[in-house]
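Okay, here's what each chain looks like letter by letter:
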Amino acid sequence: MSDIPHKRDELGRILVQVRNDLTELRKRLGRTAVREQGQTLDIDALDAAISRTEDGIKTRAEEYLKTVNKQVLTLPIIEDLEKKTKKIAKWRPPLETIPDMRPQKYLTAGASPGEKHKAAFTMRLLYNPAHPKNRELMHQAYGIQFPDLRKKTGTTVGTQKVVSGLTLGSLAVVPTGFQGSNPYPPPPLCEEDMRAGIASLVEKGLPPSVADLCLVRTPVKPKVTYLHQREGGSPNRIGVCERVGKRQKDVSQSKDVMQAPRISHPERPLTRTIVTPPPSAASDSKLPQGPVRLTPLNCQCAPALPPAPVSKHCFNIVGGQIDPCAADFCTFKEHYCLCWGPLVEVLWQLERLMREYAVPHARVCGERLVALVQSGELDWGGGDMEQLLLTLENKEEVWELVQQPGQRYKGEGGRQAAAVRIQACWRRHQARTAYLEKQRRKWAAGTIAISWLLHAQVRRVRKSLQVTRLRHLENYRSRAEYLEANWSRLSTCRRTIIHVPSLGYSEQQRRSLQGFDILQNTQMGRLCDVKDENVEVIYVCPVQLGEDLLHYYTQLLGLQGAVETGEPTALPASCTKRFTILTPEAYQYFPSHKMCVSTLLKYSPHTLQRIKNLIQGKQAYLVSGVPHIDDLAVADELGVPVLGPEPAVAQLYGTKSGVRRIFTSAGVSVPPGHGDIYTLQQLHECLAQLMTDHLQVQCWLFKMDGEVGSRGTAYCDVSHLSFRPWALQEYHCRGPQLWRMAWAQEPVLLKFLEAVPALLASHAKPFNTSCYPTWTCFIDHFLKQGGVIEACPPSDSVTCLTVDLLVEPGGEVNMLSCGDQLHGPGGLQVAGYTVPQTSVSSDTLYSICMRVGHACQQRRILGYLSLDLVTFLEPSSLEQQVWAVDLDIGYSNQLAMTQLMLLMTGGTLSYRTGRLEVPPPVRANKPTARQKASVTTRFAVMSSQLLHTNLSMVRYSVFFQMCKAQGIGFDIKERQGSVFALHDSVERSSLSMVTISPDLQGALLTFARNLSVIHQEISAPNMQGETNFKDLIKNIEEVVGVTVQNSDKDHKEEVKSE
């Protein structure tokens, strides 16, 4: 085998010598043809023969080199340079190829620092042609498309010999093939470019495959270079290199082999040196001595190759080891010997990866491995496992094995990796636990701090509120003393009354009431206080009234002069200038909070300031509705006294239990019952005892302390008890006197105690199921608020009446209004009144009212009160009984409607006689002295809570035209007819009405007729709407029937007496 290099050198020398001799022969023939121009020579035939011989030698040389180097090598074209002596024109690029060097936007003075930094970084990349982004930036910025030098040629030379030989042509002349393929004219080449070598041509874009090569002598003499091991390599890496390098001994010992330098950058093209055979003696003088470095035949570097469909260089990794003697691995190593340095590192990483994960077999694709190394995307730290696995042919199987839980700990170093993993998890757990504990303590400390700050803030605010409310209370008491001392003077002098129709219920009650703002504005009759010439009224309205309502009340109050004179055409009275209606601006800020009027006024500084301006320098006091704590704040802000009790006192005695204490102390009759009940056991015991004491009572009522009207009322019928006849028999046997003894009641009491729980569960029902749908729900709220048990009157004919009282600060008690109640559905909901009352004698009623008024005055309950009474005939004795059942502290709707009635009739309500006395009608003839002295009586039916949803579809102007067409109106001369009070301008679903007539029956019938007519006018058969008109008409018919019966009975008695 030692003589193979010598034979290769001799054959190559012979081929080069023959090629040189043919070239010399062509030159001589050319000179001969020039000298012998006068003779005829067949030069063309000889030249063709020489060309055929030269082409054959060239073909044989390429086949030889391909056989030796295992790669096709194309020799440079042999051309006659003397024949091509054409001058090349000076190269000038076309104008469209000249780059636009105008300053860009990012280079202007107004560019931001970020843009300047980006521009500087771009220029640095443009100045560095070796950078991978240089070609892309040149194309984007200047439109110049450089060849991609990173692409790898499709064919590579596998020889390790240095080829030396003759190169023809001058670098100053651009080859013909390049001129035709390049659209741009080539740049001129200078002497320095010629000496720079082939690298300079590559940088200028001249493809080496068509460029003529010339040899330039260099003082540096090339010699064989060996591939050394990497410094600092691990023992495992050195072992791999030793195993891989066993098959390389023959090549490394040859002196003619020079290994290519190690690739340091994936984008730098591979260069290699080829040792050519020595030249012949004829051409030895023209060839430079020493080896010559040549660039690849194709200047374009190969890109990152995709995985080949059929791999030619595959080898196996068995048990994490590569067999260096395996034929496939040796073939791979021999093919890529020039870039073996980086491959050793990757092979070592693959072996380590297979050993760590205990992969029994892996087949590596050599082309993918080399492409991965040349791409530069490999993480040389060894952490890019996925990229390494992509180089495997059986990557799916290996990946599935690697992804199995715990596979890492089955391979090399598995125990150590498992220990490290366990320690890391444990330390992470400890650190996480400590961190969470620290965070929990930090959160707890922050929560405690914030809670403490909030507590301190709330405490300061609460203390400040307590101080403020205490100041308000002290000022209220001092002003109440002044009002008490000067009431006799204030009640007769010029004064201003500030009416605040506030319903100071609890927040829960306010939120449960539908249309709470409209409900507070049902007392527009308070404006009628202006009938006194010394009174000015400031009415605080909870809703915004439109111009139509303001005009209506101005016209209504202006009728006072016409009522007094009996002339409808009389000028409006001066009272139209003595009332003012104000709306707090806070109603816009709290549209859905359902605040009482006092609270809205408290948060309305502009309205308060306007009231201050109106009452400045005048005697004034405030009249509220249901007392509220904000009444004191408003009064203190305005600096006026309040005609009413303290809110705390009103809250204490305004409950059902507190009212029973007042009635008991006043000495008036109350229904049998018990108050202050807060437990279920107490409820059962009290009910059983009351049922035992009053066997004649068949129905018992349960009333909550904090509710108003019939909302918090339930009833239970005890006539369903099976042993009740036996209890009645025991009562008759013992007698009324002995029945009071405890021993006589004991058997019956025990029976009732056993039966009460089941009785309540099955027969107790709430009246208002919209608030409390079931007895269970009712009893829960009942026990929370407390309440009373009262007996329902043991009679089928029961009449309820309401009396309005004024407990003056001076100590006097006045009766302002009294009327019988008209009930809605259920019998407990008040829908209207008939004034004056006709159920109880005036003396009895006056006595009860005075006693209750003085009892309230003793407890500092001042102002307006509304007393509810019940009258019926005792079944056993047929004597009339009057029970006091309820007491409401505040200005009532009945009193407001009474003020409107008195304004329209010009009369007075005599409580001594129980009659509504009005002046006689004004006649056309001159009245006599007797007619002047006489007075007439009137009866009125009124209601302030008439509801009909269809009213909202009718404007008030249309409504009054409709009433006028149906004959609904008021006769000023006769002082009888119908008067309306309107509540709001937006919803218009409720109103108040008063009908006045000479007799009660006429007033009732007029009221019922008005309701029926209005309902028919605003309703359709398929749109009846929600209304209480029908229930009220039904109750009026019942009252009219009773009235007719009583009048017939009285008439018969008068006839008998005569």
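The structure displayed is predicted, hence computed values, not measured ones. (Residues numbered from 1 in each chain as written. Predicted model: local features only at pLDDT ≥ 70, side-chain atom pairs only at ≥ 80, totals over all residues. Heavy atoms only, no water.)

> Help me out: how do you make sense of the environment of phenylalanine 723 in this one?
Position of phenylalanine 723 among the secondary structure elements: in the loop between β12 (713-717) and α27 (724-739). Once you skip the residues sitting within four places of it in the chain, phenylalanine 723 turns out to touch Lys751, Phe752 and Ala755. (Helix = DSSP H or I, 4+ residues; strand = E, 2+ residues; numbered from the N terminus. Contact = heavy atoms within 4.5 Å.)

> Would you mind going over helix α28 (residues 742-763) with me for this structure?
Residues spaced three or four apart along an α-helix point in a common direction, a consequence of the helix completing one turn every 3.6 residues. Taking 1.5 Å per residue as the helical rise, α28 with its 22 residues ought to reach 32 Å, whereas the 28 Å between its terminal C-alpha atoms falls clearly short. Its buried side turned inward, α28 meets α26 (680-693), β11 (699-704), β12, α27, β13 (764-766) and α29 (775-785). (Expected span 1.5 Å × (residues − 1).)

> Teacher, can you tell me more about a nonpolar patch on the surface here?
A contiguous nonpolar surface patch, about 310 Å² in accessible area, is contributed by Leu738, Met741 and Trp743. Along the chain, the position of leucine 738 falls in helix α27. (Patch = residues over 30% accessible without salt bridge, like charges linked within 9 Å, V, L, I, M, F, W, Y side chains within 5 Å. Areas by Shrake-Rupley, 256 points an atom, 1.4 Å probe, with all protein chains shown as cover. Salt bridge = Lys/Arg side-chain N within 4 Å of Asp/Glu carboxyl O.)

> Would you mind showing me how to read the environment of glutamine 837 here?
Mapped onto the elements, glutamine 837 comes out in the loop between β17 (830-835) and α30 (842-858). Under the relative-accessibility criterion, glutamine 837 is labelled buried at 4%. Sequence separation of glutamine 837 and threonine 802 is 35 residues, and the distance between their C-alpha atoms is 8.5 Å. When sequence neighbours within four positions are dropped, the list of residues in contact with glutamine 837 reads Leu801, Cys818, Gly819, Asp820, Leu845 and Gly914. Side-chain polar atoms of glutamine 837 contact the backbone nitrogen of serine 839, separated by 2.9 Å. (Buried < 20%, exposed > 50% of the residue type's maximum accessible area, 1.4 Å probe, protein only. Polar contact = N/O pair within 3.5 Å; in protein donor to acceptor, adjacent residues only side chain to side chain.)

> What's the story with the nonpolar core in this structure? I'm lost.
Side chains of a nonpolar character, in soluble globular proteins, are inclined to be buried together. If you look at the biggest cluster of nonpolar residues, it comprises 114 residues, and the most contacted ones within it are Leu527, Leu845, Leu900, Met901, Phe959 and Phe980. Broken down by element, this core gets its largest block of residues, nine residues, from helix α34 (residues 1000-1018). Leaving out residues up to four positions away in the same chain, leucine 900 has contacts with Cys528, Leu556, Val979, Ala981 and Val994. Listed in part, the 34 residues of the second largest apolar core include Ala727, Ala755, Leu760 and Ile779. (Core = buried A, V, L, I, M, F, W, Y, C linked by side-chain atoms within 4.5 Å.)

> For this particular structure, what's the right way to read the sheet that holds β12?
Sheet architecture is open: five strands sit in the order β10-β14-β11-β12-β13, paired in antiparallel fashion. Each edge of the open sheet carries a strand with a single partner, namely β10 (673-677) and β13. Between one strand axis and the next, the sheet turns through 20 degrees on average, direction left out of account. As paired elements, β11 and strand β14 (residues 787-791) share five bridges and run antiparallel to each other. When the bridges of β14 are listed, methionine 704 appears paired with glycine 787. (Pairing = 2+ DSSP bridges. Axes fitted to C-alpha atoms, helices over the stretch in contact; angles between N-to-C directions.)

> I keep staring at the pairing of strand β22 (residues 936-947) and nothing clicks. Help me out?
Both faces of the sheet carry side chains from a regular strand, because those side chains alternate between them. As paired strands, β17 and β22 are joined by three bridges and run antiparallel to one another. Each residue of the ladder has a partner; that of valine 835, found in β22, is alanine 940. Where strand β21 (residues 915-918) and β22 come together, three bridges link them in antiparallel fashion. Bridge assignment links leucine 916 to a residue of β22, and that residue is arginine 938. Of the pairings in the sheet, the one linking β22 to strand β25 (residues 990-997) comprises seven bridges and is antiparallel in character. For methionine 942, the partnering residue across the bridge sits in β25 and is valine 994.

> Looking at this model, I keep getting lost on the side chain of serine 989. Mind explaining?
Turning to its location among the elements, serine 989 is positioned in the loop between β24 (976-982) and β25. A relative accessible area of 16% places serine 989 in the buried class. Setting aside anything within four residues of it in sequence, one finds serine 989 in contact with Leu946, Leu947, His948, Thr949 and Leu951.

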